[in-house]
Amino acid sequence: MTRMSGQAKGRIFPVVVISLFCITILAGLFGTLLPSLNYLPVIGYTRISLSAWFDFFSYPGIQTSIFVTLFSGITASFGVVCLAFLFISFSYGNALWKFFEKILAPVLSIPHAAFAIGFGFLIAPSGWLMRMVSPVLTGFTRPPDWIILNDPAGLSLTIALVIKEFPFLIMVTMGALGQLDIKKTLLVGRALGYSKEQIWLKILIPRLYPHLRLSVFAVIAYSLSVVDMAIILGPSSPSSLSVLILKWFNDPDMSFKLLAAAGSLFLFFMVVVSILCACLMERAVLVFLRPWITNGKRCSFVSPLKSIIFFMGCGTLFFTAVSSVILVIWSLTWQWRFPDFLPATWTLKLWAKGLMSSFDPVMTTLFTGLASAFIGLLLAIGCLEHEVAAGKTRTRNYTGYIHYFLYLPLLVPQITFMAGIQFLLVIMNMDGYWISLMVSHLLFVLPYMFIALSATYIAFDERVTDQAMLLKRSYIKVLFRVKLPMLIKPILFSFAIGFSVSVAQYIPTMLVGAGRFSTITTEVVSIASGSDRRAIAVYALIQQCLPMMMYAFAIIFPKILYYNRKGMQV
């Protein structure tokens, strides 16, 4: 098979992906729109009206829920984008940046729910930070009566979102930096007398942002519609809008599903308006900063902030690492009184009990994660191979815009279209099946796998495969015996990222699983409101260990496979 025939047959991959994503998203939105208009024949509502919307806007505390959602989501999104850009400007190329490159994968593998629990154990009035300074500095012998966790304004949720989304934006930035000639731009700028920060802020960041625009929009959508972290860290009375919508969906009174559908569409409207405002802000910044970009000043006004930005960037790693450490300590604790710095007695009994009780959820998580990541890897490689072949022949059709279709599940709030999909699955009697659960996870696994693999895959030197095909080898043999083995490390890392994304899925499991499947994530979120921190820590660590083991496999396996080929281990 020649490369051209392989490209023609490989077109099926982007067609399948585009069809899957478009049909699923549109069906989900349509399945949410009808119930929001009071039309759900399954429970006896057959007349279209706006009564669900009137009930939504008159629900007690709904204005506060909307405000908390907007405040936490917009503040977190703005903060993480500013922090990421300033951190890149100050640290690119130095030792801290290289350290970030090495540590980023394990940091990203930590599920949101596990991090939120560890972060809560850290900053709570009786948390580890307070124990570190008590009673010597504070004089507290009992936990202070402070509302830090679940505060009414959602400040703890906002800070946690910034810490968790910062590594994701840095990862996407690292992939996009290959699109720019960084070294030559820095050399020319330094020769003209500009500081490194000025070169980044005036030249490189404006050129880099178009490559990150969709990722920034994804951060906005996630921050506004997050559920698992909002349940653990967000306010509870009233809760954020996404948590309130999930509560309505799970209410035994079926009429609340109409209210939930209206709330889901309103949340989608909030996300769309926020993204449009981000686009307008982008245009406004371009207009107002153009005189500053071209004024020729060599000194940077952000230089005094250098130490603060370094501290905040390292702080995200610090809180992530210490949150994992505190989970380990609590999981081994038998007795730990405030304000003791460490437990008085230790035990492994909680681990023995937790491993036994979590066996079924862990197995469901493993099978679903492995299946969705494997299918996602096949689709990602097929789409990328078609893109590489199309780039060689300089042909571009609708399949060349697959990036935009892949970002759809990240830009639309999960609870909006997954709720519509649940309604449709109930009507078609397909809810509660494992295959439906796996496909729902695939919708979120594939985009992250494609993002993680695309830069390395497209940058592969195709002269190697061209030379192999000149030796009368077929396209399929060259692909599986030459190209993919040489890309085994990024492929395995992409697989690990896909698996970790599947492990972290909460809304698809809750809605599509129809209560018949419980994963370790649903178990963690459900027990997070309990009073036994030891049991919560055990479950959170089990959830955290699954992606960690997959990342360890992605690191170790290539070294074992190519132990006698040093160049393949780079």
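Coordinates for the structure precede this section.
Quick notes on the rules
Per chain, residue numbering runs from 1 following the sequence as it is written. pLDDT decides what is reported in this predicted model: residues at 70 or higher carry local features, side-chain atom pairs at 80 or more are listed and counted, and totals for whole chains, interfaces and linings draw on all residues regardless. Side-chain numbers come from the whole structure's heavy atoms, not from hydrogens or water. To obtain each axis, a line is fitted to C-alpha atoms, and for helices this fit is confined to the stretch in contact; angles are then taken between N-to-C directions over 0 to 180 degrees. Per the convention used, a helix needs a DSSP run of H or I reaching at least four residues, while a strand needs a run of E reaching at least two, with both numbered from the N terminus. Left-handed describes a crossing whose near helix is turned anticlockwise from the far helix by less than a right angle; the clockwise case is right-handed. Contacts are residue-level and defined by heavy atoms, with any inter-residue pair within 4.5 Å sufficient. Three categories are distinguished: nonpolar for Ala, Val, Leu, Ile, Met, Phe, Trp, Tyr, Cys and Pro, charged for Asp, Glu, Lys and Arg, and polar for the others, with Gly belonging to the last. For patches, a residue must show more than 30% relative accessible area and have no salt bridge; joins then use 9 Å for like charges and 5 Å for nonpolar side chains, namely Val, Leu, Ile, Met, Phe, Trp and Tyr. Residue burial considers only the protein chains on display, and all accessible areas are found by Shrake-Rupley using a 1.4 Å probe. When a carboxyl oxygen of Asp or Glu lies within 4 Å of a side-chain nitrogen of Lys or Arg, that pair is called a salt bridge. Whenever a pair of cysteine sulfur atoms sits within 2.5 Å, that pair is classed as a disulfide. Only protein chains enter the accessibility calculation, which uses a 1.4 Å probe. A residue is then buried if its area is under 20% of the maximum for its type, exposed if over 50%, and partly exposed in between. Pairing of aromatic side chains here covers Phe, Tyr and the six-membered ring of Trp, requires ring centres within 6.5 Å, and sorts the geometry by plane angle: under 30 degrees stacked, over 60 edge-to-face, intermediate tilted. Two limits define a charge over a ring: the Lys NZ or Arg CZ must be within 6 Å of the ring centre, and within 35 degrees of the ring normal. By definition in this entry, angles of less than 35 degrees are roughly parallel, angles greater than 145 are roughly antiparallel, angles of 65 to 115 are roughly perpendicular, and the rest are oblique. To estimate how far a helix should extend, the number of its residues minus one is multiplied by 1.5 Å. A residue's bend is the angle separating two fitted axes: one through the seven residues that end there, the other through the seven that start there. Buried Ala, Val, Leu, Ile, Met, Phe, Trp, Tyr and Cys residues that are joined via side-chain atoms within 4.5 Å together make up what is termed a nonpolar core.

**Some words on the packing of helix 4 (residues 62–91) against helix 13 (residues 256–293)**
Packed helix pairs are specified by the crossing angle of their axes together with the interaxial distance, meaning the distance between the axes.
Alright, step 1. One can describe the packing of helix 4 onto helix 13 by two numbers: an axis separation of 12 Å at closest approach and a directional angle of 35°. Where helix 4 crosses over helix 13, the handedness of that crossing is right-handed. Residues Ile66, Thr69, Leu70, Ile74 and Phe78 of helix 4 form the contact with helix 13, whose own contacting residues are Phe266, Leu267, Met270, Ser274 and Met281.
Alright, step 2. Within the contact of helix 4 with helix 13, the residues separate by chemical class into eight nonpolar, two polar and no charged.

**What to know about the side chain of Ser502**
Alright, step 1. Mapped onto the elements, Ser502 comes out in helix 23 (residues 488–503).
Alright, step 2. Once residues lying within four places of it in the same chain are set aside, the contact partners of Ser502 are Thr368, Gly369, Ser372, His441 and Val445.

**Observations regarding a nonpolar patch on the surface**
Alright, step 1. Where nonpolar side chains cluster on the molecular surface, the patch consists of Val42, Phe367, Val426, Ile427, Met428, Met430, Tyr433, Trp434 and Ile435 and spans about 880 Å² of accessible area.
Alright, step 2. Only helix 19 (414–427) and helix 20 (434–458) provide two or more residues apiece to the nonpolar patch.
Alright, step 3. Looking at the element boundaries, Ile427 is found in helix 19.

**Describing the state of the cysteines**
Alright, step 1. Tallied over the entire structure, the rule returns zero disulfides.
Alright, step 2. Among the cysteines around Cys383, which has no disulfide bond, Cys22 carries the closest sulfur, lying 12 Å off.
Alright, step 3. Among the residues examined, Cys383 registers a relative accessible area of 4% and is labelled buried.

**Examining the packing of aromatic side chains**
Alright, step 1. Overall, the coordinates contain 27 aromatic pairs when judged by the stated rule.
Alright, step 2. Considering the side-chain rings of Phe115 and Phe119, the 5.6 Å spacing of their centres and the 25° angle between planes classify their relative orientation as stacked. Pair noted here: Phe115 and Phe119 are both in helix 6 (residues 112–123), with a separation of four residues, about one helical turn.
Alright, step 3. Following the ring pairs from residue to residue traces out a cluster consisting of Trp53, Phe56, Phe57, Tyr59, Trp248, Phe266 and Phe269.
Alright, step 4. For Arg131, the ring lying beneath its charged end belongs to Trp336, and the centroid distance is 4.4 Å.
Alright, step 5. A cation over an aromatic ring shows up here: Lys349 above the ring of Trp334, its NZ or CZ 5.4 Å from the ring centre.

**A few points about the packing of helix 9 (residues 182–191) against helix 10 (residues 196–225)**
Alright, step 1. Running from N to C, helix 9 and helix 10 point in directions that differ by 135°, and their axes come no closer than 10 Å. Taken together, helix 9 and helix 10 sit at an angle that is classed as oblique. In the packing of helix 9 onto helix 10, the handedness of the crossing is right-handed. Of helix 10, the residues touching helix 9 (which contributes Ile182, Thr185, Leu186, Gly189 and Arg190) are Lys196, Ile199, Trp200, Ile203, Leu204 and Arg207.
Alright, step 2. Broken down by class, the residue content of the contact of helix 9 with helix 10 amounts to six nonpolar, two polar and three charged.

**As for the environment of Phe78**
Alright, step 1. As for its placement among the helices and strands, Phe78 is situated in helix 4.
Alright, step 2. Linking Phe78 and Thr320, residues 242 residues apart in sequence, is a C-alpha distance of 20 Å.

**As for the pattern of salt bridges**
It is possible for side chains bearing opposite charge to pair when their charged atoms get close.
Alright, step 1. Summed over the entire model, instances satisfying the criterion amount to seven salt bridges.
Alright, step 2. For Glu385, the salt bridge is made with Lys483, and the minimal N-O distance between the two is 3.0 Å. In this pair, Glu385 sits in helix 16 (residues 359–393) while Lys483 sits in helix 22 (residues 475–486), placing the two residues 98 residues apart along the sequence.
Alright, step 3. Taking the relative accessible area as the measure of exposure, Lys483 reaches 1% and is therefore buried.
Alright, step 4. The salt bridge involving Asp532 is made with Arg534; its shortest N-O contact spans 3.1 Å.
Alright, step 5. On the basis of relative accessible area, Asp532 is assigned to the partly exposed category, the value being 28%.
Alright, step 6. Here the salt bridges do not stand alone but share partners, grouping Glu385, Glu462 and Lys483 into one network.

**Here we look at helix 20**
Alright, step 1. Helix length check: helix 20 (25 residues) gives 34 Å between terminal C-alpha atoms against 36 Å at 1.5 Å per residue, within 8%.
Alright, step 2. Of all the bends in helix 20, the greatest, near 30°, is centred on Leu443, and the proline Pro447 appears no more than four residues after it.

**Some remarks on the nonpolar core**
Alright, step 1. Counting 174 residues, the largest nonpolar core has Trp200, Leu241, Phe417 and Tyr457 as its most contacted members.
Alright, step 2. If one sorts the elements of this core by residue count, helix 10 sits on top with 16 residues.

**Section: helix 8 (residues 155–176)**
Alright, step 1. The terminal C-alpha atoms of helix 8 lie 31 Å apart, and with 22 residues this matches the ideal 32 Å at 1.5 Å per residue to within 8%.
Alright, step 2. Considering bend angle alone, the principal kink of helix 8 is centred on Glu165 and spans about 30°; proline Pro167 follows within four residues of it.
Alright, step 3. Most of helix 8 sits out of view: 18 of its 22 residues are buried.

**Here's the deal with the environment of Ile497**
Alright, step 1. Within the element layout of this structure, Ile497 appears in helix 23.
Alright, step 2. With near-sequence residues (within four places) excluded, Ile497 lies in contact with Met171, Tyr448, Ala452 and Tyr551.

That is the geometry; function is a separate question.
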